[in-house]
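# Coordinate inspection notes
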Amino acid sequence: MKSIRPYNTFKIDHQVSEIYVIESIDQLRELCKEHPNPIIIGGGSNVLFVQDVERPVFIIDLKGIEVVHEGETWNEVRIAAGEDWHEVVMWSIDQGLGGIENLSLIPGKCGAAPMQNIGAYGTELADVLINVGCMDKQIGALFHMGKEACKLGYRDSIFKQEAKDQYVITSITIRLTKEKHHNVNVSYGDIKSVLKQKGITQPSIKDVSDAIIAIRSTKLPDPLEIPNAGSFFKNPIISIENYNQLKLDHPELPSYPVTDTHCKVPAGWLIDRCGWKGVMIGDVGVHSKQALVLVNHGSKNGQDIINLSRQIQKKVADIYNIDLVPEVNVIGS
Ligand code: EPU
């Protein structure tokens, strides 16, 4: 058995049967033949192991960034699954390519990006994605799944639903705008205030990226300093009817529009209002600057995090009658 600790940002120390770092498509194909049921990990920044697991882990470390089509106003860029997402964002800005600057500083590898349709500050992967390179684990065949087929939703995709465990994501292809054709999105309140403070009225893609890096750095803990996996829960989507009812007792409850019938409420706000922000239970706790992030100050056991998350879920359900659903992939439950 091998410890998974070096490969997950929560720094949980459960055992798995074997760990393979995969650097080529051929190696991946061979290993899929030998091991039909591996656990696939990229940067390990969105997983929580809760016990030892008798399965091998494949760490996808495929590398490469390639412009596969050069258009007048945009380029199509194919990125191997093992490339670090934030480094790719920095590369795109250096190249003068726009569209993913709002997704600066999101931890993890590119292969995980379509899995939960990463999103932040008004942008999500779905806004730029063209297709996802996949290997069918059973037959070793490679193909590109078009964006529509990926069924991307809020922190959701076919890879978390009906195609769960079927494919290994090997690449993503995205469309990025060229100089003079960028469409910067500064709708998010926090970005507006950072830019205003700096006196920037016509922000470049680099200005937006810098603002987001500044915002994220103040709110979100660096996993290298305080082990965590980003937002632990999804922001719940509830009916507007339900929301209006809740507003009667909780007039300050914020919401964001989703459809004509449903809205999203911030889980961080709910957890904060339930008094959990900054609370520690043993070695694990709720981050003091963003209640949606659970942090690990030294526990080796994923059960400690799960137990904390259950207590939070219970309190939020008792007070607001809303079920919080984990955003992090729980492995071994
Ligand atoms: N809030 C509180 N207390 C808290 C945290 C938040 O009152 O402790 C309130 C804020 O004041 C704000 C609202 O809740 O009114 C939303 O907070 P924030 O803007 O920080 O964003 P979020 O909804 O908590 C989501 C994503 C983040 C992403 C940010 C910015 C999810 C699950 N999380 O968080 O994504 O960075 O928006 O767009 O959708 C991640 O997925 O790991 C992640 C960090």
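Preceding this section is the structure that the text describes.
Described below are features of the structure shown in this document. (Residues numbered from 1 in each chain as written. Predicted model: local features only at pLDDT ≥ 70, side-chain atom pairs only at ≥ 80, totals over all residues. Heavy atoms only, no water.)

## Examining the overall build of the protein chain
We apply this condition: Counting from the N terminus, the helices are the DSSP runs of H or I reaching at least four residues and the strands are the DSSP runs of E reaching at least two. To sort residues, take the accessible area from a 1.4 Å probe on protein chains only and compare it with the maximum for the residue type: under 20% means buried, over 50% means exposed, and anything in between is partly exposed. Should any heavy atoms of two residues lie within 4.5 Å, those residues are considered in contact. His is not counted, nor are the chain ends; Lys and Arg add positive charge and Asp and Glu add negative charge. One atom stands in for each charge, and that atom is NZ of Lys, CZ of Arg, CG of Asp or CD of Glu.
Helices and strands together make up the secondary structure of the protein chain, namely seven helices and 20 strands. Along the first, second and third principal axes, the C-alpha set of the protein chain runs to 60 × 55 × 40 Å. Looking at the protein chain residue by residue over its 333 residues, the buried ones come to 48%. If you take every contact in the protein chain between residues at least 6 apart in sequence, the share linking residues at least 24 apart comes to 62%. Between the mean site of the 34 positive side-chain charges and the mean site of the 41 negative ones, the protein chain shows a separation of 3 Å.

## Some points on the site of the ligand
In plain terms, the rule: When at least one non-hydrogen atom of a residue lies within 4 Å of a molecule or strand, that residue is treated as near it. For this analysis, a polar contact is any N or O atom pair within 3.5 Å, provided that within protein one partner can donate a hydrogen and the other can accept it, and provided that sequence-adjacent residues contribute only side-chain to side-chain pairs. Throughout, the Shrake-Rupley method with a 1.4 Å probe supplies accessible areas, and for residues the shown protein chains are the sole cover considered. In this count, Pro and Cys sit with the nonpolar residues alongside Ala, Val, Leu, Ile, Met, Phe, Trp and Tyr, while Asp, Glu, Lys and Arg are called charged and the others, Gly among them, polar.
Every one of the 22 residues lining the ligand counts as a neighbour, but Tyr121, Tyr154, Arg155, Tyr188 and Asp272 are closest to it. Within the backbone of Ser231, one N or O atom sits 2.8 Å away from an oxygen atom of the ligand. Against a free-state accessible area of 830 Å², the protein chains account for coverage of 81% of the ligand. Of all elements in the fold, only helix H4 (205–219), strand S13 (228–231) and helix H6 (267–273) reach the threshold of two or more residues within the shell around the ligand. Class assignment for the residues of the shell around the ligand results in eleven nonpolar, five polar and six charged.

## Points about the sheet that holds strand S14 (residues 237–239)
Backbone hydrogen bonds are what pair the strands of a sheet, in a parallel or an antiparallel way. The cut-off we apply is this: Strands are labelled as partners when DSSP assigns at least two bridges between them. Axes, fitted as lines to C-alpha atoms, cover a helix only where it is in contact. Angles between the N-to-C directions of the axes lie from 0 to 180 degrees.
Taken in spatial order, the three strands line up as S14-S16-S15 in an open sheet, and their pairing is antiparallel. Two strands close off the open sheet at either side, each with one partner strand: S14 and strand S15 (256–257). The pairing of S14 with strand S16 (residues 262–264) spans three bridges and is classified as antiparallel. Within S16, the residue paired with Ile237 across the bridge is Lys264. The strands touched by helix H5 (residues 240–249) within the sheet are S14 and S16, with S14 carrying the most contacts at an inclination of about 85°.

## Focus on the packing of helix H3 (residues 189–197) against H4
Under the convention used in this document: Any angle from 65 to 115 degrees is called roughly perpendicular, while one under 35 is roughly parallel, one over 145 is roughly antiparallel, and all others are oblique. By definition, any crossing whose near helix is turned counterclockwise from its far helix by less than a right angle is left-handed, and any crossing with a clockwise turn is right-handed.
Where H3 meets H4, the closest approach of the two axes is 9 Å, and the angle between their N-to-C directions is 110°. Compared by their axis directions, H3 and H4 come out roughly perpendicular. Between H3 and H4 the crossing geometry is right-handed. Of the residues in H4, those touching H3 at Asp190, Ile191, Val194 and Leu195 are Asp207, Ala211, Ile212, Ile215 and Lys219. Grouping the amino acids of the contact of H3 with H4 by side-chain chemistry returns six nonpolar, no polar and three charged.

## Describing the pairing of strand S7 (residues 74–80)
Along a regular strand, successive side chains alternate from one face of the sheet to the other. Taken across its seven residues, S7 has five buried, putting it largely inside the fold. The pairing of strand S6 (residues 65–70) with S7 spans five bridges and is antiparallel. The partner of Val67 across the bridge, within S7, is Val77. Connecting S6 to the antiparallel partner S7 that follows it, the hairpin turn spans three residues. The pairing of S7 with strand S12 (residues 167–177) spans seven bridges and is classified as antiparallel. Residue pairing in the sheet places Trp74 in a bridge with Thr177 of S12.

## Details of the layout of surface pockets
Filter applied, for reference: A cavity here means a set of 1 Å grid points, computed over protein atoms only, where a 1.4 Å probe fits but cannot escape. A pocket is an open set with protein on both sides within 12 Å along at least 5 of 7 lines, and lining residues have an atom within 4 Å of a point. Grid points are joined across faces, edges and corners, and a volume is the space filled by probe spheres set on the points.
Empty space within the second largest pocket amounts to approximately 210 Å³. Gly98, Gly99, Asp127, Val128 and Asn183 are the residues nearest the centre of the second largest pocket, which is lined by 13 residues in total. Classifying every residue of the lining of the second largest pocket by side-chain character gives one nonpolar, nine polar and three charged.

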